[in-house]
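One letter stands for each residue in the lines below.
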Amino acid sequence: MTSRSAGPLSTPTRGGWARRASAVLVAIAAAVALVGPGSASAAPPPPPGPDLGPNVRIYDPSMSVADIRASVDAVYARQVDNEMGASRYTLLFKPGTYGTAADPLIVRVGYYTEVAGLGALPTDVVINGHVDVYNRCLAPDNCIALDNFWRSLSNLTINVVGLTDCRSSGNFWAASQASPMRRVNIVGGNLTLMDYCTAGPQFASGGFIADSRTGFVVNGSQQQYLVRNSQIGGWSNGVWNQVFSGVQGAPATSYPSPPYTTLDATPVSRERPFLYVDDAGTWQVRVPSATADSSGVSWANGQTPGRSVPLSDFYVARPSDSVTTINSQLARGKHLLLTPGVYDVDRSITVRRADTVVIAMGLASLTARGGAVPLVIGDVPGVVVAGLMVDAGPVNSPALVRVGTGRAATRSDAGNPTTLLDVFLRVGGPFAGRATVGLEVNSDHSLLDDIWAWRADHGQGVGWTVNPAENGVVVNGDDVTATGLFSEHFRAYNTVWNGERGRTVFYQNELPYDAPNQAAWQHDGVLGWAGYKVADSVRTHELWGGGSYIFTNVDPTIHATRGFEVPVTPGVRLHSLLTVQLGAGTLDHVVNDTGAPVSSASVGVPSTVTSFP
């Protein structure tokens, strides 16, 4: 998304949400006792932690709130406006309690910042205070969260106390794409996904929550959202496309009014691996198992099912490491942990061993050099990649991430799928880049969880011929499932699904803004390209909750024939679809030739199709 008006959203006034949030906070506060400060300061000092590089901050409950506050505030000051910068940070909290009602810990989270607890359970780390993301005020009358990308929060409890007036009404996570919240337990107050405490227009375009437990959630101006395998205490409203999959306490399906789509269980899921410190002070990585037809949080009855891998079994990489060194360590059987930073990749980092785990801290980034495909996963099952950003470089890459080579029969495993979680692909933004495809999936049974492929619409190196890229996601494998798929601004089909029996739970798309004219953006007698294409040969496919938006501001007269394009066959079924015009251009149909057009006559008002065919 970019910092433009998304049209009328029927959003409440700041005061309306604040009053409701405050009322709910009072009710919750009466029922939830303040989590008291721990006694970790009286315990013997823990063993020293691993060397995770200069941009990882590790906090211990024996540290003073003032010292922690000074540290996190310094990171925030560097990152709050660093949208296209190269700095990356991870803030880790060891098990224990931080802050009190009288002296709460307030953590504000900027770009490329990961905040995570180091407990085996989210309840092992308690922050009495807030972990907040606020609107960015690009001008006094333009305060938005539309561009609040690339940050994360995980594996801790927030007991909401502190701050004054409007900010005291909840824990604020006013973020958009690529800003996941996972394994978070929020008590004592609301979770609000909209920042209603600044000047307008307060728009937000996200987002993703998984494996979390909250009280009441204020959606507010969030245009679309996916909540997966969680437990919530209520949901305020919808705007265009709010999807709940395996969420206890979710509202029932009522699409399009309100625009809720609810699946009782998630067809296939795997939670993201996480670092934790065990009772002996040993650093471990918990690798959750894949599950089918699941709901609720994975930690409801104790530790998340899966396996623990000692951190000593990982190669801890630095940005100065060569690809040759990293590949050598992978070939020797090591897992891979990328410490925060930007890695120049002049040949593929290649994962050839089944069950390898690749974790990127602080949204560590791989930048393609010389047209390389930065990450290639071999034809093996059970590989897990989490938290990674990948940037295209100035020489065209055929893909940025390739899952399965496509040259051999894949040894896939439905019970142990290769899984990508919080993997974000980018062409342009910090600099000009070129790629044909963002993510190419050839392996059967692959699982995609919170994927954003983005051809930049703002930043540096942006233009129709400056950052060319044709497809955001191409799925060739069979039995692939996506939960939270975002693909935006690519010049041809944003997502192409060639494999059989594919499933997508929540899809969000914006068509390219910058097509110079209609002649440059059409094919085979069709105006523009659909945002989501299921190949004509496919017999079985299902999608729940999909939106495609148009904003062709370079030439507002441009049309796109349709947002979704699929074969008409009984096995291909789509649920809860919409198109929206955001101020320029016309989308003639929602799916194939079904659905009313959206145009400048109805900016921000969706055209919907409840089911197709």
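Note that the structure is predicted; figures quoted are calculated from it, not measured.

Asks: Teacher, can you tell me more about empty space enclosed by the protein here?
Replies: Inspection of the entire model under this criterion finds five cavities of 30 Å³ or more. Its boundaries defined by the atoms lining it, the largest cavity holds a volume of some 200 Å³. As for the largest cavity, its lining consists of 18 residues, of which Glu114, Ser154, Pro273, Phe274 and Leu275 are closest to the centre. The element best represented in the lining of the largest cavity is strand E5 (residues 113-117), accounting for three residues.

Asks: Mind showing me how you'd approach the pairing of E5 here?
Replies: Regular strands place side chains that alternate from one sheet face to the opposite one. The element E5 is largely enclosed, with a buried count of five among its five residues. Here E5 shows a buried face lined by Thr113, Val115 and Gly117 and a second buried face lined by Glu114 and Ala116. Examined bridge by bridge, strand E2 (residues 89-93) and E5 share five bridges and lie parallel to one another. Bridge pairing links Leu91 to Val115 in E5. Note that E5 and strand E9 (residues 151-160) share four bridges and pair parallel. Paired with Val115 across the strands is Leu153, a residue of E9.

Asks: Explanation requested: the state of the cysteines in the structure shown.
Replies: Here, the word disulfide means a covalent bond between the sulfur atoms of two cysteines. Counted under the stated rule, the structure contains two disulfides. Here Cys137 is linked by a disulfide to Cys143, with a sulfur-sulfur distance of 2.0 Å. Looking along the S-S bond of the Cys137-Cys143 disulfide, the torsion reads about 110°, which is the right-handed sense. Its relative accessible area of 47% is what places Cys137 among the partly exposed residues. Regarding the disulfides, the chain carries the connectivity 1-2, 3-4 under sequence-order numbering of its bonded cysteines.

Asks: Please clarify how the pattern of salt bridges should be interpreted in this entry.
Replies: Should the charged atoms of two oppositely charged side chains come close, the side chains can pair. Summed over the entire model, instances satisfying the criterion amount to 26 salt bridges. For Arg69, the salt bridge goes to Asp103, with nearest N and O atoms at 2.9 Å. Residue Arg69 is located in helix H2 (residues 65-79), and its partner Asp103 is located in the loop between strand E3 (96-98) and strand E4 (105-108); the two are separated by 34 residues in the primary sequence. Between Arg562 and Glu565 there is a salt bridge whose closest N-O contact spans 3.2 Å. Glu565 matches Arg562 in its accessibility class, with the two residues each being buried.

Asks: Could you clarify how one ought to interpret the side chain of Ser446 in this entry?
Replies: As for its position among the elements, Ser446 is in the loop between strand E34 (435-441) and strand E35 (447-455). Separated by 2.9 Å, the side chain of Ser446 and the backbone oxygen of Ser443 make a polar contact. Leave out the neighbours within four places in its chain, and Ser446 touches Val403, Thr418, Val441, Asp479, Val480 and Thr481.

Asks: Teacher, can you tell me more about unusual backbone geometry here?
Replies: It is generally the case that most residues other than glycine have a negative phi and that most peptide bonds are trans. The residue after Ser257, namely Pro258, is reached through a cis peptide bond having omega -10°. Here Pro258 shows up in the loop between strand E16 (241-248) and strand E17 (260-263). Of note, the bond from Phe612 into Pro613 is cis; its omega dihedral lies within 30 degrees of zero at -5°. Structurally, Pro613 can be placed in the segment after strand E47 (607-612). Residues other than glycine seldom take positive phi values, yet Ala178 does so here, at roughly 60°. Summarising the element assignment, Ala178 is placed in the loop between strand E10 (170-172) and strand E11 (181-187). Overall, the relative accessible area of 3% leaves Ala178 in the buried class. For Asp422, which is not glycine, the phi dihedral falls at a positive 50°.

Rules used throughout
- Residues numbered from 1 in each chain as written.
- Predicted model: local features only at pLDDT ≥ 70, side-chain atom pairs only at ≥ 80, totals over all residues.
- Heavy atoms only, no water.
- 1 Å grid on protein atoms, 1.4 Å probe; cavity = no way out; pocket = protein on both sides within 12 Å on 5 of 7 lines; lining within 4 Å.
- Points joined across faces, edges and corners; volume = space filled by probe spheres on them.
- Helix = DSSP H or I, 4+ residues; strand = E, 2+ residues; numbered from the N terminus.
- Buried < 20%, exposed > 50% of the residue type's maximum accessible area, 1.4 Å probe, protein only.
- Pairing = 2+ DSSP bridges.
- Disulfide = S-S within 2.5 Å.
- Salt bridge = Lys/Arg side-chain N within 4 Å of Asp/Glu carboxyl O.
- Polar contact = N/O pair within 3.5 Å; in protein donor to acceptor, adjacent residues only side chain to side chain.
- Contact = heavy atoms within 4.5 Å.

Shape is all these values report; function is a separate question.
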